[in-house]
Every structure is written in C-alpha cells, then in structure tokens.
Amino acid sequence: MGTLSVRNLTKRYGAMAAVDNVSLDVEGSELVALLGPSGCGKTTLLRMIAGFIAASEGEIFIGGRDVTYLPPHKRDTGMVFQSYALFPHLTVFENVAFGLEMRGAPKDEIRTRVGDALKLVRLDSYGERYPRQLSGGQQQRVAIARALVIRPDVFLLDEPLSNLDAKLRQSVGLEIRSLQKMLGLTTVFVTHDQNEALALADRLVVMDQGIVRQIGSADELYLRPSCVFVASFLGQANLIRGHVQAPSLFRTNDGLAIKCDTSQFGSGSPAVLCLRPEHIEVGTDAAALDNSFAASVQAATYLGASTDLTVRTDENSTDLLVQVPNKIASSATVKTGEKTFVGWSTQAALLIRED
Amino acid sequence: MTREALIDSGRIARFLLAAVIVFVFITLLTPVVLVVWASFFDSSFLSFPPPGYTLKWFAQAAEHGAFLRGFETSAKVAFGATCLGVFLGTAASLAIVRSGLPGMKLIQGMLLSPMIVPNIVIGIALYVFFIRIADGIGIDLTNGLWGLILAHTLLTIPWTVRLVCANLVGLNRSIEEAAANLGASPLRVFTRVTLPMMRSGVIAAALFSFIISFENLEVSLLLVQPGSTTFPIAVLQYLEFKMDPAVAAATTVQVLIVASALLISDRYVKLSRVV
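Not measured: the values here are computed from a predicted model. Throughout this document, residue positions are counted from 1 along each chain, in the order its sequence is written. Written order determines the labels here, with chains lettered from A and ligands numbered from 1. Since the coordinates come from a predicted model, pLDDT governs what is reported: local features require at least 70, and pairs of side-chain atoms require 80 or more to be given and counted, while whole-chain, interface and lining totals use all residues.

Draft legend 1. Summary view of the overall build of chain B. Working definition: helices are DSSP H or I runs of at least four residues, strands are E runs of at least two. Numbering for both runs from the N terminus. Of regular secondary structure, chain B possesses 11 helices and zero strands. Going from N to C terminus, chain B has its helices and strands arranged as α-α-α-α-α-α-α-α-α-α-α. It is over C-alpha atoms that the radius of gyration is taken, and the globule rule equals 2.2 Å times the number of residues to the power 0.38. Since a compact globule built from 275 residues should have a radius of gyration of about 19 Å, the 23 Å found for chain B marks it as more spread out than a globular shape. Judged by the C-alpha coordinates and their principal axes, chain B covers about 80 × 70 × 30 Å. Using C-beta atoms placed from the backbone, we call a residue buried if 20 or more other C-beta atoms fall within 10 Å of its own, exposed if 12 or fewer do, and partly exposed for counts in between. Looking at the 275 residues of chain B, the share that counts as buried comes to 32%. What counts as a contact here is a pair of residues whose C-beta atoms, placed from the backbone, lie within 7 Å. Put simply, of all contacts in chain B between residues at least 6 apart along the chain, 76% involve residues at least 24 apart.

Draft legend 2. Region of the structure containing helix 5 (residues 166–183) of chain A. Residue and element names in this part refer to chain A. An ideal rise of 1.5 Å per residue puts 26 Å on 18 residues; helix 5 measures up with 26 Å between its terminal C-alpha atoms. Here the buried face of helix 5 lies against strand 3 (31–35), helix 4 (136–148), strand 7 (154–158), strand 8 (187–191) and helix 6 (194–200). Trailing helix 5 by a residue or two, Gly184 shows a phi angle of about 60°, which is positive. The span expected for a helix works out to 1.5 Å for each residue beyond the first.

Draft legend 3. Quick peek at the confidence of the model for chain B. A residue's pLDDT is the confidence the predictor assigns to it, expressed on a 0 to 100 scale. Per-residue pLDDT for chain B has a mean of 87; in total, 96% of the residues score no lower than 70. Under the prediction, the complex receives an ipTM of 0.84, its pTM being 0.79.

Draft legend 4. Structural view of the sheet that holds strand 10 (residues 211–216) of chain A. All names here are of chain A. Strand pairing requires that DSSP identify at least two bridges connecting the strands. With mixed pairing, six strands are arranged side by side in an open sheet as 6-7-8-3-9-10. The open sheet terminates on both sides in strands that have one partner only, identified here as strand 6 (77–80) and strand 10. If you compare each strand with its neighbour and ignore which way they point, the axes differ by 20° on average. Inspection of the sheet shows strand 7 paired to strand 8 by four bridges, in the parallel sense. Within the sheet, the bridge partner assigned to Asp158 lies in strand 8 and is Val190. Axes here refer to lines fitted to C-alpha atoms; in helices the fit is confined to the stretch in contact. Angles between the N-to-C directions go from 0 to 180 degrees. The strands touched by helix 1 (residues 42–50) within the sheet are strand 3, strand 6, strand 7, strand 8 and strand 9 (203–208), with strand 7 carrying the most contacts at an inclination of about 145°.

Draft legend 5. Main features of unusual backbone geometry. Backbone geometry at Asn21(A) places phi at a positive 55°, although glycine is not the residue there. The residue Asn21(A) is located in strand 2 (residues 16–26) in this model.

Draft legend 6. Region of the structure containing the packing of helix 6 (residues 145–169) of chain B against helix 8 (residues 186–214) of chain B. All names here are of chain B. Where helix 6 meets helix 8, the closest approach of the two axes is 8 Å, and the angle between their N-to-C directions is 155°. For the element pair helix 6 / helix 8, the angle class is roughly antiparallel. The hand of the helix 6/helix 8 crossing is right-handed. Contacts between helix 6 and helix 8 involve His152, Leu155, Thr156, Trp159, Thr160, Leu163, Val164, Ala166, Asn167 and Leu168 from the first element and Met198, Ser200, Gly201, Val202, Ala204, Ala205, Phe208, Ser209, Ile212 and Ser213 from the second. Geometric relationships in this document are graded by angle, where less than 35 degrees denotes roughly parallel, more than 145 denotes roughly antiparallel, 65 to 115 denotes roughly perpendicular, and other angles denote oblique. If you view the pair so one helix is near and one far, a crossing is left-handed when the near helix is turned anticlockwise from the far one by less than a right angle, and right-handed when it is turned clockwise.

Draft legend 7. Representation of the interface of chain B and chain A in the model. Contacts between the two partners involve 16 residues from chain B and, on the opposite side, 17 residues from chain A. Mapped onto the side of chain B that touches chain A, the elements with two or more residues apiece are helix 7 (173–181) and helix 8 of chain B. The greatest single-element share of the side of chain B that touches chain A, amounting to seven residues, is contributed by helix 7 of chain B. Per-class residue counts for the side of chain B that touches chain A are nine nonpolar, five polar and two charged. Nonpolar residues are Ala, Val, Leu, Ile, Met, Phe, Trp, Tyr, Cys and Pro. Charged residues are Asp, Glu, Lys and Arg, and all others, Gly as well, are polar.

Draft legend 8. Region of interest: the environment of Lys11(A). Turning to its location among the elements, Lys11(A) is positioned in strand 1 (residues 4–13). Beyond its immediate sequence surroundings of up to four residues, Lys11(A) is in contact with Ala17(A), Ala18(A), Val19(A), Thr44(A), Met48(A), Ile53(A), Ala55(A) and Ser56(A).

Draft legend 9. Looking closely at the pairing of strand 4 (residues 57–62) of chain A. All names here are of chain A. Inspection of the sheet shows strand 1 paired to strand 4 by five bridges, in the antiparallel sense. For Leu4, the partnering residue across the bridge sits in strand 4 and is Ile62. Pairing analysis gives two bridges linking strand 4 to strand 5 (residues 65–66), with the strands arranged antiparallel. Looking at strand 5, one finds that Ile62 is bridged to Arg65. Counting the residues between successive antiparallel strands, the hairpin from strand 4 to strand 5 contains two residues, one of them, Gly63, with a positive phi of roughly 55°.

Draft legend 10. Geometry of the nonpolar core. We define the nonpolar core as any set of buried residues of the types Ala, Val, Leu, Ile, Met, Phe, Trp, Tyr and Cys, connected via C-beta atoms lying within 7 Å of each other. Within the largest apolar cluster, 108 residues are counted, with the highest numbers of intra-cluster contacts made by Ala33(A), Ile49(A), Val96(A), Ala145(A), Val188(A), Val205(A) and Val342(A). Those domain boundaries reflect an automatic or database domain assignment. Both domains that furnish three or more residues to this core are identified here as domain 1 (4–230) and domain 2 (239–352) of chain A. In contact with Val96(A), other than residues within four places in its own chain, are Val114(A), Ala117(A), Leu118(A), Val142(A), Ala145(A), Arg146(A) and Val149(A). By size, the runner-up hydrophobic cluster in this structure holds 46 residues, among which are Val86(B), Leu148(B), Leu163(B) and Phe210(B).

Right under this line is the structure:
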C-alpha cells in the first residue's frame, strides 16, 4: 500500500458517476499527475482525497490510516488551490502561520517554521505584505508555502498553474517539482495540460468520464497507450482502424497491409493502429523500411523546429500525418505535390484496442 | 468614420457623461447645501436674500429640549435596531446563501419586502398589531423605546440582508476550504475566516441601518409617546408652529453627524467597494 491509497473510490451524483471505481496507489515522495479533459473527474477525485467531497463508495488511506470518513481538517493534507485561496485579511506571514496556529504550535516554532517556508519559496522579505499586494506568481508561492509548512502527509495541487501566464507557468511548475523532490513530498497534481503532466510527474493517471484509462510513466503512456483515448489525448497520433488479418499482419479498413506485432490480438479481431507522426520517415530512405508505401505530399506546415506533412499513399489513398525535424542546411525541403515514399519500422506501429 | 470623427465622438461622449454626473450631484446636494446655508440666516423666518448671518440658531436649537431629547431617542432606537437587525439579517443571509435548503429565495424576498411597502403603511400596520398584542398578552409596545426598536428592525433587516448577501455571494469558497484543509474546525473556519471576510459587508449594513433608522419618520409616527419623540418627529412638530432657521441648524448638526460617520467608516472599509 502506498503513502496514499485510493480503493475502488466512487462518487455518484444521481445516476451519473463523477468518479467511477478508481483505485490508485501513490508511493512516498512520488508526484502523480491526474490528467484528463475538463469534467473527467480529476478534480472531484482530488477533492475527495482532501475531504471536501464525501465518497459514495470505496476507501481512502493516508499513511495507512483510513480517512474516508474524516472531515478535511483532520486529514493532514496540504492543498494548493487553482484560485490561490489566500486569506485576504491576513498578511503573508499570518497566512503561512495559519496551519501551525490551528495545530497549537508554540509562537517561537511558528516564527522559525514560517520563516523557513517563506525562504523556501523565496518570499522571506514579503511577510508583512497582504496577498493583494503580490503578483499572481507570488501569491501562488505563498499558497505553496502555506500548504507545506504543516508538513502534510500528502501534498495536493489543483490546477496550480492555470491562472499564471505561459512564461511563469513553466518556472513555477519546475519550482514545485524541485521543492517536491527536495522535501520528498507525496504529491497529487491535477492538470488538464498534458505538457505540464509529462514534464513534472513521475507517473500520470489519465482519466476520462470518471474512469481511470491508464496509469504509467510519461514514456509508457506515450509509447504504449492502452486505448484510443490515451493515444489521442497525449500528443498527436495517426489512428487507423482495421483488423488483424494474420499473425504480424494488420489490414486497415482502407485496405493497406501493415506489418506489426499482433501478438496481443487474435486473428480477425478489430484493432486500431497507432502511429506517432515523428516515427514515420519520408523520402527515398523510407522505401527500405519494414512498412513502406509510395506516396505524395498533400500539405506541409512549417513549425520552426519541425514541419508537419500530410502524406497520401498512392495505394488506397490513406492520409498520414508526418512530423519531420528541420535540420540545418536541409536541401531536401519537401514540397507539396511531390512524389516520395513513407515508411516506418514494425516497432513504430502499435496496435491498440478500440475504446 | 475618420480618425478625427472618432476622437470628436469620444469627446462628446465624455462631455455628456460629465454633464449628467454634474446634474445628478447638483440635484442631490442642493437641498443639503440650502439647509446648511439657511441655518446661518439672521432672520426669524426663512427669507431670501438673508439680511445677515448669525450662529444664534445653533444655540437656540441646542436649548430646544425636544430636539435634544429627539436626538437621544433616535440614537438609542437606531443603535438598538442596528444591533438587532444586523445580527438577525447576517444570520439570515448566511442561511440564505449557504444552507442550500429549498425556499431560500422566497425567504430572502420576504425579508427584503419591507423595502417596497410604503413606510407609513408599515407604521399603521404595526400600530394596529401592537395594540392587538397589548390586548392579548398585556405587553404594550405602542409607546416605548422597545416598540420603536422592533419597528425599526423591520427596516434594518432588509438593508442587512441585501448588503451581506451580496458580500457572501462574492466570497471565494476555496478560501474557507483552504482553512479547513490547514486544520481549522468548522467553528474556527467561521470565526477566523468567514466572519473577517464578511466584515466589509456587515459594517456597511450597520452603517446604512443606523442612518435609515435615524432619519425615519413615517414608521415612528404612530409609535412615539409625548415627550419621547424621535428627532425627525421633533423637527416635524417644530415646523407645525414655527418656520425659523433653528430647524435648519438642528438638521445641519444631523447632516454633520451622518457625514462624519460615513467618512470615518470609509477609512476602515472603502464604501465604494461595499455599496
């Protein structure tokens, strides 16, 4: 059992399940991101862990203790809210001291620990200010210090970066990650931004319609998505429907024959071929790969570091999205309408189950 | 439209706005300015232009017992009605905004309804009601301080409910959740976070309640007894016999008191933010 353990947790509103039979173990010092589109239940799950929403079914354990029926103030979680939720009538110092005061810590200890916490977020000279006198990024750092100063068993963050502008988002995100590593905090982080989750989390939990679709590290989820939802939610993917015709042979609905690993599927069963755009090669070299097709370039979009191509196979006219890195002195710039080859290795082609 | 035309239309719009603002201020302030001015006129009836200026009417007003007693009664009534109304109205607002129980909109409407009933109707209805109470259970509220306080509470509750509800709706619930998350029990969340955040709404409610009660004439009219009238009734009674600037002097003092109350409270809670 992890430091935080969620067992078959369900929250029902009438007939609708906002969180549907979710089980999750978060190990000590691990940062787990709950990722999914809005309304997928990730915030509801976080708020159930904090105790703001009562579970309909299932259990929550924090440090081995069953907290399912404990009110929020008895749970020892430290939460950072999307809106910062600082106390507007208290100074920065008093905000951070609040949790220690509630625990009846002696004055001297409060002073040192609040001082340390503010130093940690580089706001030690801001103790006397009021939240309204700080910028958004500073307010968020006060909120982080306030949640950390009580040394919570679990650190919870609800979309902590979504109110910050793009530049700050990255630096505050990395700051949260380095604090979390330094202090060894068991952390659950809610976000709808896949880049944030990929960059910051040890493991990702992809949720959709209250259900956990897949749990794994960033590369596991990206390279071996378990379903179409995960494949399309994380990054870009060519998803081509078809069926397994014979061992190691997949036939698309368009009629293309593709060599790939079919060991997870029986002959004749329907499946979806997942091809990442950057795993597809374009050009004469591509003709030598396991799967290769004569094709023509339909469209090219220059994106700086790379170029996105839409390539149509001559046989059966299947459109593929291909991402080609832009090298310096690239003489071989691809032009629309040009005749060429596309190809990919058997390893690049992943078969996944239809949702 | 050309650039010049756009600039011109912007200028015209700004000018019109300024004109409307000036007009509104003049309409609102002229009576006050005239009353204050008239309190310095050196003539025993209001004549224009004034023959000269004097401070004697202030001395005269201060010597007129009914004004002083009126001030005292009004202050007591306004204080009582404010305390009672703000307490009950704040509690009601919390229930209306926070309880999530059915029928809260209806209750809010009922609590606000004294605002739309003509005050004189409230006064008459209360008089009849108080007489019934006196007949029924022997408690006479028709001519005492408590009757007046209860009657004025009917005026202070709607103001409190209106201002405090608006304040509560605007509060970010996450702030209270943050307090609970940091270990505060529900009671401590309320005393340490919810109440302080309601402060501006409650202060505004108290201020408006006090003023509304202090200057009310119609509700009090039938509920006062001889010798212990409220200030507005004392002014009315004085005006039935005399029309000299002493009335203006007394009202000037009232205006001064209200204005300084507003200015002082503005130092603690920005009035522009709560009203």
